[in-house]
Amino acid sequence: MIRQTKAFHLAILALLIAIVILQSIIPFLGYIPVGPVNITIIQITVIIAAVLLGPKDGAIIGLAWGILSWIRAFVAPTSPVQTLVFTNPLISVVPRVLVGLLAGYLFWGLMRAHWKQTWALVVTGGLGAALNTLLVVGLIALFYHTPAVAQAYGAGNPGLLSKVLMTLVVTNGIPELILSALVVPLVATPLLKWFRR
């Protein structure tokens, strides 16, 4: 992590939380609706926060995202899946916190292993997005193998839900992974230079 004054650090943390709030509220800024699901891009902000501020603050930004996802499932769901699934904080909050925490540790570890910064950012971005997708989909499969959730996903019955969820890993997870792997280094590289100054 880059050394900063406490006031500067808190200001950047508050700014990143504000960005996550805007992404959670404004359509297409943080989620792109595609049928009954959303392609998520908020993880990019969380991963960048973890890279700039470290794992602990990455987890705090992830927590803000998770709490907003949880509240949104109650007050402004964009699909039946959100109401059925994301009202459970194990699915809406825990994966988001872990994305911030683990992305920070991953970036630190890769830099300590003397990886080139650009490649460390690409891998951190891609794996951070993959972690979010796999945790959310995995927890849905674990806790919500029910007829109601199967119908919300268009699976018809719980027996087909696993296949639908695996399809989501491919159709949503891969674009999210690619987008994060491309955008994280593009945004984080100049920010890291600026922080070091």
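Rules and cut-offs
Residues numbered from 1 in each chain as written. Predicted model: local features only at pLDDT ≥ 70, side-chain atom pairs only at ≥ 80, totals over all residues. Heavy atoms only, no water. Phe/Tyr/Trp six-rings, centres within 6.5 Å; stacked < 30°, edge-to-face > 60°. Helix = DSSP H or I, 4+ residues; strand = E, 2+ residues; numbered from the N terminus. Lys NZ or Arg CZ within 6 Å of the ring centre and 35° of its normal. UniProt positions renumbered as here; feature names shortened; annotations may be inferred. Core = buried A, V, L, I, M, F, W, Y, C linked by side-chain atoms within 4.5 Å. Buried < 20%, exposed > 50% of the residue type's maximum accessible area, 1.4 Å probe, protein only. Contact = heavy atoms within 4.5 Å.

- Naming follows an unreviewed UniProt entry, where the protein appears as ECF transporter S component of Fructilactobacillus myrtifloralis.

Notes on the packing of aromatic side chains
Okay, so step 1: In the structure shown here, the tally under the stated rule is three aromatic pairs.
Okay, so step 2: Judged by centre distance (5.6 Å) and plane angle (50 degrees), the ring pair of Phe8 and Trp194 falls under tilted. With Phe8 in helix 1 (residues 6-25) and Trp194 in helix 9 (residues 158-196), the pair connects residues that are 186 residues apart, well separated along the chain.
Okay, so step 3: Ring plane angle 90 degrees and centroid distance 6.0 Å describe the contact between Tyr105 and Trp108, whose orientation is recorded as edge-to-face. With Tyr105 and Trp108 both in helix 6 (residues 94-112) and three residues apart, the pair spans about one turn of that helix.
Okay, so step 4: Lying across the ring of Trp65, Arg96 places its NZ or CZ 4.2 Å from the centre.

Some remarks on the UniProt feature "transmembrane region" (unreviewed entry) in the protein
Okay, so step 1: Those places that UniProt annotates as "transmembrane region" (unreviewed entry) correspond, in this numbering, to residues 7-26, 32-53, 60-78, 90-108, 120-144 and 164-188.
Okay, so step 2: End C-alpha to end C-alpha, residues 60-78 measures 25 Å, and it is 84% helix and 0% strand.
Okay, so step 3: Helix and strand shares over residues 120-144 are 96% and 0% respectively, and the end C-alpha atoms of the span are 35 Å apart.

A look at the nonpolar core
Okay, so step 1: Leu53, Ile61, Leu121 and Val184 are the most contacted members of the largest nonpolar core, which totals 28 residues.
Okay, so step 2: Those elements giving two or more residues to this core turn out to be helix 1, helix 2 (42-53), helix 3 (55-75), helix 6, helix 7 (117-143) and helix 9.
Okay, so step 3: Looking at which element gives the most residues to this core, the answer is helix 2, with ten residues.
Okay, so step 4: Apart from residues lying up to four places away in sequence, Ile61 is in contact with Leu13, Leu16, Ile17, Val20, Val46 and Ala49.

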